[in-house]
Amino acid sequence: MDVIILFSVFLGLLLVGMPIAFSLGLASLSYLLLADISLTIVPQRMYAGIDTFVLLCIPGFVLAGNLMNVGNITEHIVRFANALLGHIRGGLGLANVGGSMIFGGISGTAVADSASIGSVMIPGMARSGYDKPFAAAVTAASSTIGPIIPPSVPMIIAGSLSGISVGRMFLAGAVPGLLLGLAMMVTVYILAVRRGYPKEERVPFLQLLREARTAFWALLMTVIILYGIIGGFFTPTEASIVASLYALVVGMYVYKGLTWKKLPAILSDTVLTSSALLLMVGLANLFGWILTSEQIPQMIASVILSISDNPLVVLLILNLILLFVGAFMETIAALIILFPALVGVATGVGVDPVHFAVIAVLNLMIGLTTPPVGVCLFVVAGIGKLPMLTVARAIVPFLLCNLAVLMLVTYVPAISLWLPNLLMGE
């Protein structure tokens, strides 16, 4: 009975628009009061949830993303992608996806990607003759690449929950992320040809070289992060600090869009964003502790395994669960509540935990662009001043594309495991 009330309060608060962190906290509090459990468990479990060294990556990568936006680094990434791809039919759409692939390899968050790339590309594409819903849909869909291509905040969370190597997960996401980006580019091109979207003049080779040289410093950040982690020079947490320092220096002294006067606002925004994420992590950990004490993960596992113990069938069921949850719940909260239970089910039927981590994150990223609670849909709808349902209809071809890639990644483990096994050993 107490568990029913827990879920009823949680879902009820979500439906009335309560932020996910407070929904988790108030639902947990109602359970503890009804079950007559001491409220001292609240600070204990919240602190235990955030008392993980690897979670220090979060404020580091959030700060790096904010410094990139203000320091004009994002703009140079978009300009380079446009110079490279703009001459193809639908080239601005292709540049949008390409920019997200590059930006996502630095910020690690989908919402930051959709906000920063969207603020540049959605108005630009609309002025160039693209339908605004299409521009918004491309931006929202391509933003989901960010947390697949390393670094990835959701993978950091998954690693802190399960003990899986964050470095291996970063590498495991690289090939699926590139595959996802290429599949979206194909989708953009097909739609552009069918709808007669414009293409720009081919950029002269010397100008392309100038744009590449200008974007070099932005592109180098991804190389530094990945090489540093793979080469053992620094941990993912240290990589986030290196990325922030690098973004500060490049934004201030190379691109010169960043000034000392802008830093207080950047730091304030970083603190607010990081605090909200870590509050959610702490409260979700409390919620997850209640589920564990009520043996909900074991019940989920037994129900799934009672249907089938065939790995192919189990993976299909896990995908359906994650897609459904991702459509209603924020990524971090969903990972904290579900990932420990579901990774146990997956490994129990022989699925590699790193492979499953990539599957889980990819599922939840697709959820960010799926109604009714697709956060990235709301972000791009706000930028484009469009009704959310209009953007949701426009994003359908990209959702189908992403689901096809999800099935490929799910049932061909080598796509995820080849690179980490090659560079870090099995």
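Residues numbered from 1 in each chain as written. Predicted model: local features only at pLDDT ≥ 70, side-chain atom pairs only at ≥ 80, totals over all residues. Heavy atoms only, no water.

The chain is annotated in an unreviewed UniProt entry as TRAP transporter large permease protein of Vreelandella gomseomensis. The chain has a UniProt comment under Sequence similarities (unreviewed entry) that states "Belongs to the TRAP transporter large permease family." (UniProt positions renumbered as here; feature names shortened; annotations may be inferred.)

Caption draft 1: Representation of unusual backbone geometry in the model. Even without being a glycine, Lys256 presents a positive backbone phi close to 60 degrees. Structurally, the position occupied by Lys256 is in the loop between helix H12 (236–254) and helix H13 (263–293). Residue classification places Lys256 among the exposed residues on the basis of a relative accessible area of 63%. Although it is not a glycine, Gln295 sits at a positive phi angle of roughly 60 degrees. (Helix = DSSP H or I, 4+ residues; strand = E, 2+ residues; numbered from the N terminus. Buried < 20%, exposed > 50% of the residue type's maximum accessible area, 1.4 Å probe, protein only.)

Caption draft 2: Spotlight on the packing of aromatic side chains. Within this structure, the stated rule accounts for eight aromatic pairs. On the numbers, 5.1 Å between centres and 35 degrees between planes, the contact of Tyr130 with Tyr197 is tilted. Of this pair, Tyr130 sits in the loop between helix H7 (110–127) and helix H8 (132–143) while Tyr197 sits in the loop between helix H10 (166–195) and helix H11 (205–230), and the two are 67 residues apart along the sequence. Assessed through its relative accessible area of 5%, Tyr130 is described here as buried. On the numbers, 5.9 Å between centres and 20 degrees between planes, the contact of Phe339 with Phe356 is stacked. Placement of Phe339 in helix H16 (residues 331–348) and of Phe356 in helix H17 (residues 353–367) is noted, with a sequence separation of 17 residues between them. (Phe/Tyr/Trp six-rings, centres within 6.5 Å; stacked < 30°, edge-to-face > 60°.)

Caption draft 3: Local environment of helix H14 (residues 296–307). The terminal C-alpha atoms of H14 lie 17 Å apart, and with twelve residues this matches the ideal 16 Å at 1.5 Å per residue to within 8%. If you check which residues of H14 are buried, you get Ile296, Pro297, Ala301 and Ile304. One side of H14 carries all its buried residues, which in axial view fall inside an arc of 140 degrees. Against the buried residues of H14 lie helix H1 (2–15), H13, helix H15 (311–326) and H16. (Expected span 1.5 Å × (residues − 1). Arc of directions from axis to C-beta. Contact = heavy atoms within 4.5 Å.)

Caption draft 4: Spatial organisation of the packing of H17 against helix H20 (residues 396–411). Taken N-terminus to C-terminus, the directions of H17 and H20 make an angle of 170 degrees; their axes are 10 Å apart at the nearest point. With respect to each other, H17 and H20 are oriented roughly antiparallel. For the pair H17 and H20, contact is made by His355, Val358, Ile359, Leu362, Asn363 and Ile366 and by Leu399, Asn402, Leu403, Leu406, Val409 and Thr410, respectively. Class assignment of the residues belonging to the contact of H17 with H20 gives a composition of eight nonpolar, four polar and no charged. (Axes fitted to C-alpha atoms, helices over the stretch in contact; angles between N-to-C directions. Parallel < 35°, antiparallel > 145°, perpendicular 65-115°, else oblique. Nonpolar A, V, L, I, M, F, W, Y, C, P; charged D, E, K, R; others polar.)

Caption draft 5: Representation of the side chain of Thr410. By the secondary structure assignment, Thr410 is in helix H20. For Thr410, a relative accessible area of 1% puts it in the buried group. A polar side-chain atom of Thr410 sits 3.2 Å from a polar atom in the side chain of Asn319. (Polar contact = N/O pair within 3.5 Å; in protein donor to acceptor, adjacent residues only side chain to side chain.)

Caption draft 6: Representation of the environment of Thr370 in the model. Mapping Thr370 onto the fold places it in the loop between H17 and helix H18 (375–384). When residues no more than four places from it in sequence are discounted, the contact partners of Thr370 are Ala327, Leu377 and Leu399.

Caption draft 7: The arrangement of the packing of H1 against H13 in detail. One can describe the packing of H1 onto H13 by two numbers: an axis separation of 11 Å at closest approach and a directional angle of 150 degrees. Classified by the angle their axes make, H1 and H13 are roughly antiparallel. In the crossing of H1 with H13, the sense of the turn from one axis to the other is left-handed. Here Leu6, Phe7 and Phe10 of H1 lie close against H13, whose contacting residues are Phe287, Ile290 and Leu291. (Left-handed = near helix turned anticlockwise from the far one by under 90°.)

Caption draft 8: Region of the structure containing helix H3 (residues 41–50). Burial in H3 covers these residues: Ile41, Val42 and Gly49. Buried residues of H3 fall within an arc of 100 degrees about the axis and therefore sit on the same side. Exposed side of H3, more than 90 degrees from the buried face: Pro43 and Tyr47 are the residues found there. Check the buried side of H3 and you find it contacts helix H2 (20–34) and H13.

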